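This is what each chain is made of:
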Amino acid sequence: MITDPKAQIAGRLRSRAWFDNPNDPGNMAIYLERMTNFGLTRDELQGGKPIIGVAQTGSDLSPCNRIHLELASRVRDGIRDAGGVPLVFPTHPIQESCRRPTASIDRNLSYLTLTEILHGYPIDGVVLTTGCDKTTPACIMASATVNIPSIVLSGGPMLNSYFKGKPAGSGMAVWEARRLHAIGEIDYSEFVDMVIASAPSAGHCNTMGTALSMNSLAEALGMSLPGCAAIPAPYRERGQMAYETGRRIVAMVHENLTPSKILTREAFENAIVVNSAIGGSTNCPPHIIAIARHIGVELKVEDWETIGHHIPLLANIQPAGDFLGEDFHRAGGVPAIIGELLRGGQIRESAMNVSGKTVGEAYAGCCTANPIVIHPFDKPLMANAGFLVVKGNLFDNALVKTSVIGHEFRARYLENEGEPNAFTGRAIVFEGPEDYHERINDPSLEIDAHCILVIRGCGPVGYPGAAEVVNMLPPDALVKIGVNQLPTIGDGRQSGTSASPSILNASPEAAVGGHLALLKTGDAIRVDLNTRRVDVLISDEELAARKETMAVAAATPQSPWQELYQKHVGQLGEGGVLEFAVKYQDIGKEIPRHSH
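Model, not experiment: these values are computed from the prediction. (Residues numbered from 1 in each chain as written. Predicted model: local features only at pLDDT ≥ 70, side-chain atom pairs only at ≥ 80, totals over all residues. Heavy atoms only, no water.)

A.B. asks: Explanation requested: the overall build of the protein chain in the structure shown.
C.D. replies: Counting its regular elements, the protein chain contains 22 helices and 16 strands. Its C-alpha radius of gyration of 24 Å places the protein chain within 12% of the 25 Å reference for a compact globule of 596 residues. Principal axes of the C-alpha set define a box for the protein chain whose edges measure 80 × 55 × 50 Å. A sequence separation of at least 24 residues applies to 75% of the contacts in the protein chain between residues at least 6 apart. The centroid of the 51 positive side-chain charges in the protein chain is displaced by 5 Å from the centroid of its 65 negative side-chain charges. (Helix = DSSP H or I, 4+ residues; strand = E, 2+ residues; numbered from the N terminus. Rg over C-alpha atoms; globule rule 2.2 N^0.38 Å. Contact = heavy atoms within 4.5 Å. Lys, Arg positive; Asp, Glu negative; His and termini not counted. Charge placed at Lys NZ, Arg CZ, Asp CG, Glu CD.)

A.B. asks: Would you explain the pattern of salt bridges in this entry?
C.D. replies: Two side chains with opposite charge may pair up if their charged atoms get near one another. Applying the stated rule across the entire model yields 29 salt bridges. With its nearest N and O atoms 2.7 Å apart, the salt bridge here joins Asp-523 to Arg-546. One end of the pair, Asp-523, is in the loop between strand E14 (503-507) and strand E15 (524-528); the other, Arg-546, is in helix H21 (residues 540-548), with 23 residues separating them in the sequence. The burial state of Asp-523 is the same as that of Arg-546; both residues are buried. Among the salt bridges present, the one from Glu-563 reaches Lys-567, with a minimum N-O distance of 3.2 Å. Separated by four residues within a single helix, Glu-563 and Lys-567 lie in helix H22 (residues 560-568), roughly one turn from each other. Taken together, the shared-partner salt bridges connect Arg-265, Glu-269, Asp-303 and Arg-348 into one network. (Salt bridge = Lys/Arg side-chain N within 4 Å of Asp/Glu carboxyl O. Buried < 20%, exposed > 50% of the residue type's maximum accessible area, 1.4 Å probe, protein only.)

A.B. asks: Even after reading the chapter, I still don't get the packing of helix H9 (residues 210-220) against helix H12 (residues 265-278), so can you show me in this structure?
C.D. replies: Direction vectors running N to C along H9 and H12 enclose 140 degrees, while the axes themselves pass 8 Å from each other. As the angle between them shows, H9 and H12 are arranged oblique. Considering the relative orientation of H9 and H12, their crossing is right-handed. Taken together, the residues of H12 that come into contact with H9 (itself represented by Ser-213, Ser-216, Leu-217 and Ala-220) are Ala-267, Asn-270, Ala-271, Val-274, Asn-275 and Ile-278. Taken together, the residues of the contact of H9 with H12 break down into six nonpolar, four polar and no charged. (Axes fitted to C-alpha atoms, helices over the stretch in contact; angles between N-to-C directions. Parallel < 35°, antiparallel > 145°, perpendicular 65-115°, else oblique. Left-handed = near helix turned anticlockwise from the far one by under 90°. Nonpolar A, V, L, I, M, F, W, Y, C, P; charged D, E, K, R; others polar.)

A.B. asks: Just to check I follow, could you spell out a nonpolar patch on the surface for this structure?
C.D. replies: On the surface, a nonpolar cluster with roughly 330 Å² of combined accessible area is contributed by Tyr-188, Val-192 and Ile-196. Here Ile-196 lies in helix H8 (residues 188-197). (Patch = residues over 30% accessible without salt bridge, like charges linked within 9 Å, V, L, I, M, F, W, Y side chains within 5 Å. Areas by Shrake-Rupley, 256 points an atom, 1.4 Å probe, with all protein chains shown as cover.)

A.B. asks: Explain the pairing of E14 here, please?
C.D. replies: For a regular strand, the rule is simple: side chains alternate between the two faces of the sheet. Of all five residues that make up E14, five are buried, and the element is covered over most of its length. Inspection of the sheet shows strand E8 (residues 397-401) paired to E14 by three bridges, in the antiparallel sense. Looking across to E14, one finds that Asn-397 is bridged to Ser-507. (Pairing = 2+ DSSP bridges.)

A.B. asks: I'm lost on helix H16 (residues 333-343) in this one. Help?
C.D. replies: Working note: α-helix, 3.6 residues per turn, so residues spaced by three or four point in the same direction. In terms of burial, H16 is a largely internal element, ten of the eleven residues being buried. Taken as a whole, H16 has its buried residues at Gly-333, Val-334, Pro-335, Ala-336, Ile-337, Ile-338, Gly-339, Glu-340, Leu-341 and Leu-342. Of the residues trailing H16, Gly-345 is marked for its positive phi of about 70 degrees.

A.B. asks: I tried to follow the packing of aromatic side chains on my own but got confused; where do I start?
C.D. replies: Remark: the centre distance and the inter-plane angle together describe each pair of aromatic rings, the angle taken between the planes. If you walk through the whole model with that rule in mind, you get five aromatic pairs. Between Tyr-413 and Phe-423 the ring centres are 5.3 Å apart and the planes differ by 50 degrees, which places this aromatic pair in the tilted class. Of the two residues, Tyr-413 sits in helix H18 (residues 407-414) while Phe-423 sits in strand E11 (residues 422-430), which places them ten residues apart along the sequence. For the pair Tyr-413 and Phe-423, a shared accessibility class is recorded, and that class is buried. Their ring planes at 65 degrees and their centres at 5.7 Å tell us that Trp-561 and Tyr-565 sit as a pair that is edge-to-face. Placement of the pair is Trp-561 and Tyr-565 together in helix H22, with a separation of four residues, close to one helical turn. Look at Trp-561 and you get buried, because its relative accessible area is 12%. Its relative accessible area of 2% is what places Tyr-565 among the buried residues. Members of the aromatic cluster, joined through ring pairs, are Phe-409, Tyr-413 and Phe-423. (Phe/Tyr/Trp six-rings, centres within 6.5 Å; stacked < 30°, edge-to-face > 60°.)

A.B. asks: What exactly am I supposed to notice about unusual backbone geometry here?
C.D. replies: Negative phi is the rule for most residues except glycine; trans is the rule for most peptide bonds. The residue after Arg-100, namely Pro-101, is reached through a cis peptide bond having omega 0 degrees. Mapped onto the elements of the fold, Pro-101 is located in the loop between strand E2 (85-90) and helix H5 (104-120). Of the consecutive residues Tyr-463 and Pro-464, the connecting peptide bond is found in the cis state with omega at 0 degrees. Among the secondary structure elements, Pro-464 is positioned in the loop between strand E12 (451-455) and helix H20 (476-480). Positive phi is not limited to glycine here, since Asn-147 has a value of about 65 degrees. In this structure, Asn-147 sits in the loop between helix H6 (135-146) and strand E4 (150-154). Phi at Asp-586 takes a positive value of approximately 55 degrees, unusual for a residue other than glycine.

Here it is as structure tokens:
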């Protein structure tokens, strides 16, 4: 890489180094020549207009983001009307529910490819089209690395969904269908019909799963225009937001409003606070920490408790509440959440938004439009709704989502007389999801309500990619008598649509020597949420002896990318990033060498 002084041609527009350099007509003409073959003119490319990339995440392979195939035209309109030149390009597709072994491996692949596009092509600013889980962090991670003006356009949730007249939230319907099928209340066909009913329209999950959580946090970080996150995909307002986003990115280029000016420590603290208030996904900490590392802001997994645990739950949205994404939008969406948090003194008001205003200015006066769906700050659904960060002799850190600890689970495990918020259980250990599905109903395991289900080999290296498998359903026999949840622990993740209060994202994972690899079925595990400890109740000498004979193994890679990923990926507690990549920051200020 070299710093090319010609990049300073016509101010800050990087694209002029490609398209308008009279000192080097030989190379310039080559760059211009092929860009005109579909109708662009020299005046458009050489007239000093910002070249705006539109990172297209929508495709038939990515149905949660497919709405962007339509929204791109409105983004183009906005860019054109504001005096920019739009160039739409594809990104690596990510589909959470269909990608094997897990879509999580593709977050970093999409990040890499988008980083190369933003760095190596004549792009002055970019509209990041986001939607399903991994597309949002992948896009923002790339824009953070390159640090050219960037703005997020969310695709929006699906419309509310129902099955036989009752709400059937996306993701939530799957877990409920599994329970009903296990106890024989529905057959195979009804199982499938119930799950399909939860996807009634274009858009991503309509529950507060990882998709809606991460798009809400993109807005909380300041990377989206106010009100962008929760507009349902089919609404006319979504197309209007696409147009305004296109207009705004052109102004951001002229203002040189880059991610480094928005993604500050204060912005990340706001994201943590908002995540607690919306009952956001346990997948958000690895994603937000990854973004922070790529922009160069220190953020630790422990911050999710110290900054976020005391924040009350305001959004009454599944899985932590009763309503769905369309209701969330109608009640005011993220602006209402931030407005209520502002009144409660919990928001860092000086953080910047892509609108060019501070968060305090941009969300002043916002409040809930429906206090049943989004509660006022002084009348929350629950207090202390943020994550707990636990540790012990099995791992250095793991997460517990307190907002989904239901009455049944709390009464059985956390309201023991003389030992509140603590319990001890017998470990039942599974070597990945295949082992779990094969043996969960094995009567010889003698699984009862005093057991803790443990799944390992499911982390970033071990799977590879960190699978969403920790929210394990109890054996059918227990479900039939009303035990719908057992305590679960794992080095993998769980879907953001899950209402399971799992202990998950355990780092380090078993495949790299984490102590979950030492655990045996029958071991006693003590969980104490008061002290934030999770320990296997064996002596240090026994742990050391087991470690001497510990066999650590990761899944054999099935593709070149999987092998590369396993060699370089870090742990979930540190963002699950490609560790070599975080040293590359603000690379957009460099202009790559000529190609000819």
